[in-house]
Amino acid sequence: MKARRIFCSRILKIQKPKPVILVPHGHSLFYAPFSSASQPITSDQSQPLSPNTSQTSQQISPELLLESVHSSQWHFIKHLAPNLDPSLTSTVLFNLHKTPELALQFVSHIEFFRLDIKTRCLAIAVASRLPSPKPALQLFKQTVSSDIASVTVIFDELALARERLGTSTTISFDLLIRACCEMKRVDEGLQCFYMMKEKAFIPKIETCNDILSAFLKLNRTESAWVLYAEMFKMRIKSSIYTFNIMINVLCKEGKLKKAKDFIGFMENVGVKPNVVTYNTIIHAYCSRGRVEAARLILNAMRSKGIGPDSYTYGSLISGMCKEKRLEEASEMFEKMKEMGLVPSAVTYNTLIDGYCNKGDLEKALCYRDEMVKQGILPTVSTYNLLVHALFMECKMDEAEDLVKEMGEKGLVPDQITYNILINGYSRCGNVKKAFSFHEEMLTKGLQPTRVTYTSLIYVLSRRNRMKEADDLFEKIMSKGIPVDVIVFNALIHGHCANGNMERAYSLLKEMDKLNVPPDDVTYNTLMQGLCTEGRVEEARELLDEMKTRGIRPDRVSFNTLISGYCRRGDVKDAVRVRDEMLSIGFNPTLLTYNALIQGFCKNQEGDIAEDLLKEMISKGITPDDSTYLSLIEGMGNIDHSVENCKSC
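Predicted model only: the values in this text are computed from it and were never measured. (Residues numbered from 1 in each chain as written. Predicted model: local features only at pLDDT ≥ 70, side-chain atom pairs only at ≥ 80, totals over all residues. Heavy atoms only, no water.)

## A word on the overall build of the chain
Test applied: Strands are runs of DSSP state E lasting at least 2 residues, helices are runs of H or I lasting at least 4, and numbering of each runs from the N terminus. For the exposure calls, accessible area comes from a 1.4 Å probe over protein chains only, and a residue counts as buried if that area is under 20% of its type's maximum, exposed if over 50%, partly exposed in between. It only takes one pair of heavy atoms within 4.5 Å for two residues to be counted as in contact. For every accessible area listed, the method is Shrake-Rupley and the probe measures 1.4 Å; residues are considered covered only by the protein chains on display.
Helix and strand counts for the chain stand at 36 helices and 2 strands. Burial status across the chain gives 47% buried among its 648 residues. Taking the intrachain contacts of the chain between residues at least 6 apart in sequence as the baseline, contacts between residues at least 24 apart amount to 62%. Summed over all atoms, the accessible surface of the chain reaches about 32,800 Å², with 53% contributed by carbon and sulfur.

Okay, here's the thing in structure tokens:
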């Protein structure tokens, strides 16, 4: 405390001419020299003072605060902060407006959140004079997010602060709009845009671009066009960045020809397109499966003297991979490297994904190794793609080794990684492993998703642990996780496989209650369950119900019924279903023929079964072991019948 007293007395005993303090008063200024006879702060007053003491702020003069700021006595200022009233703080800020760096330091030490809206806006207006916009932007974000006042009030107070400071620039308004856009409060930013227009202030083109870009990210393309038209009316000249945003808007709307034509409009107004312009259109064409059209744009780009970059080639490679043109994608990748362009991790991942989907894991791993050699670190996505591919080939140990490698390289598995692991072990029927990764996911603070729970329900169903599967389903519902048709299908499949058709039907009703529309998989699963129990007529009713719901039966639907009738020996009904199948454009499959051959053999109609065998071969369908086994068993039944007849 003794040190505090000495410190305060030193401040108060400074014997030099007192500066003239400028005090804002209304919309004018007057000079107010503060007397050196100001009330001194005694040692008692150096103790923390109550903000409710009305005399405290009167005993602290602007002169004292300014001297403290200029001598960097920040600890002393911080000590006084709770006792500074808005008038005193505003006076100090006003006198520091020509040294915004000091003003910003002053604000940070008196704690910005303590200030009222008028003082905050004055502080921001002063901070807007700094070369970097970051401090003012940060103060704007704090003010807007605090909800101390609406954006309209902030704008008005900012206008008053601007007048008091005699500032001609409108930078503070532009920064307010930018802050709103960065905070994803674009409508409030747009409100400020129109308020600027009302005051005859013209927003900077960069500000307009901020709003347009925010609308684009939110997919609010119509709002972007409305603003663009307003900019045109206000004669705000578009920059290359503006045109690139609007081309992106057209691409998002699927208007690719108009996006291409927009390049001509740009050139007519004297703005040359750049690599970003062309990349935007090339990416749009490739993402819609129109790689050849994208190549034509690449040629046009080159003819204008604009060289493609890594992003250009990345888009084309991605488009080719989506069309399963992997060899062409690899060739373009090599050409890209020959040009000295460095592929990104995203481009490598695209090729890895393409080859993983093709089932060429060796080639996918080669690209991963090449990434590492080139000094490009594999990402979590890289590992996710490879781990998923390994699980699809049932290479569990290698998949787990890759997950360990991720950890060694400092990469943290994400939700997708855990979902892949849980799904992989669920497919293999390993309940213990699937649930252990679920627990690990929780301990690492990652929330399981609907996909996670679907996999767990599936593995429990496979292991006939339906009570646990139902309990898990109830847990999902209680957590408020929205369930979809895939979750229901997994649970329905489990109950049908375990012969509990009553529970399976109750789940179908629950789907209706929750407005989750069933699909063909739902009905096919129920039909298979009924046919397994010999309840083929009920399965037939479900097929009709599918049609009334607007769900188109597929080959599985018809084959399920055909198989059901044939197992029961009702080959006439099976043939009727086959004919119905043909009438709507579905050709019989191996399963169709096998079911019919089995049915006719069961009814000792071997001749018809042999005719069906010839028919399937003529249609290019190769019989399998099941086909021949049915025929052999059928012949055995015929021979057995003949023997019985001879003994009669």
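## Points about the nonpolar core
Threshold: We define a nonpolar core as any set of buried Ala, Val, Leu, Ile, Met, Phe, Trp, Tyr and Cys residues linked to one another through side-chain atoms lying within 4.5 Å.
The biggest cluster of nonpolar side chains holds 199 residues, and the ones touching the most others in it are Phe 106, Leu 176, Ile 211 and Ile 457. By residue number, the principal contributor to this core is helix α7 (residues 117-127), which donates 8 residues. Those residues in contact with Leu 176, other than ones at most four positions away along the chain, are Phe 140, Val 144, Val 151, Ile 154, Phe 155, Leu 158 and Cys 192.

## Comments concerning unusual backbone geometry
Within the chain, Glu 111 stands out as a residue other than glycine whose phi angle is a positive 70°. The exposure class of Glu 111 is partly exposed, given its relative accessible area of 25%. At Lys 324, a position not held by glycine, the phi torsion is positive, near 65°. Its place among the elements puts Lys 324 in the loop between α18 (310-322) and α19 (326-338).

## Examining the pattern of salt bridges
Pairs may arise between side chains of opposite charge once their charged atoms sit close together. Our working definition: In what follows, salt bridge is the name for a side-chain nitrogen of Lys or Arg lying within 4 Å of a carboxyl oxygen of Asp or Glu.
Taken as a whole and assessed by the stated rule, the structure comprises 40 salt bridges. A salt bridge links Arg 114 to Glu 111, with the nearest nitrogen and oxygen atoms 2.4 Å apart. The class of Arg 114 is partly exposed, set by a relative accessible area of 44%. Between Asp 470 and Arg 503 there is a salt bridge, with the nearest N and O atoms lying 3.1 Å from each other. With Asp 470 in helix α27 (residues 466-478) and Arg 503 in helix α29 (residues 501-513), this pair connects stretches of sequence that are 33 residues apart. If you follow the salt bridges from partner to partner, you end up with Glu 292, Arg 295, Glu 323, Arg 325 and Glu 328 in one network.

## Quick notes on the packing of aromatic side chains
What counts, and what does not: Here is the rule: rings of Phe, Tyr and Trp (six-membered ring for Trp) pair when centre to centre is within 6.5 Å. Planes less than 30 degrees apart are stacked, more than 60 are edge-to-face, and the remainder are tilted.
Applying the stated criterion to the full structure yields 16 aromatic pairs. Here the aromatic rings of Phe 243 and Phe 265 are separated by 5.9 Å at their centres, their planes lie at 75°, and the arrangement is edge-to-face. On the criterion of sequence distance, the pair formed by Phe 243 in helix α14 (residues 240-252) and Phe 265 in helix α15 (residues 256-268) is long-range, its members being 22 residues apart. Classification of Phe 265 by relative accessible area gives partly exposed; the value is 33%. Ring centres of Phe 333 and Tyr 348 lie 5.1 Å apart, and the angle between their planes is 75°; this geometry places the pair in the edge-to-face category.

## Quick word on the packing of helix α24 (residues 415-427) against helix α26 (residues 450-462)
We count it as follows: What counts as an axis is a line fitted to C-alpha atoms, over the stretch in contact for a helix, and the angles between N-to-C directions run from 0 to 180 degrees. Every angle not falling under 35 degrees, over 145, or within 65 to 115 is termed oblique; those three ranges are roughly parallel, roughly antiparallel and roughly perpendicular. By definition, any crossing whose near helix is turned counterclockwise from its far helix by less than a right angle is left-handed, and any crossing with a clockwise turn is right-handed. Gly counts as polar in this scheme, as do all residues outside two lists: the nonpolar Ala, Val, Leu, Ile, Met, Phe, Trp, Tyr, Cys and Pro, and the charged Asp, Glu, Lys and Arg.
For the pair α24 and α26, the least separation of the axes is 9 Å and the interaxial angle reads 15°. Relative to α26, the element α24 is oriented roughly parallel. Considering how the two elements wind past one another, α24 and α26 form a crossing that is left-handed. Counted together, Asn 419, Ile 422, Asn 423, Tyr 425, Ser 426 and Arg 427 of α24 and Val 451, Thr 452, Ser 455, Leu 456, Tyr 458, Val 459 and Arg 462 of α26 form the full contact between these two elements. For the contact of α24 with α26, the per-class residue count stands at 6 nonpolar, 5 polar and 2 charged.

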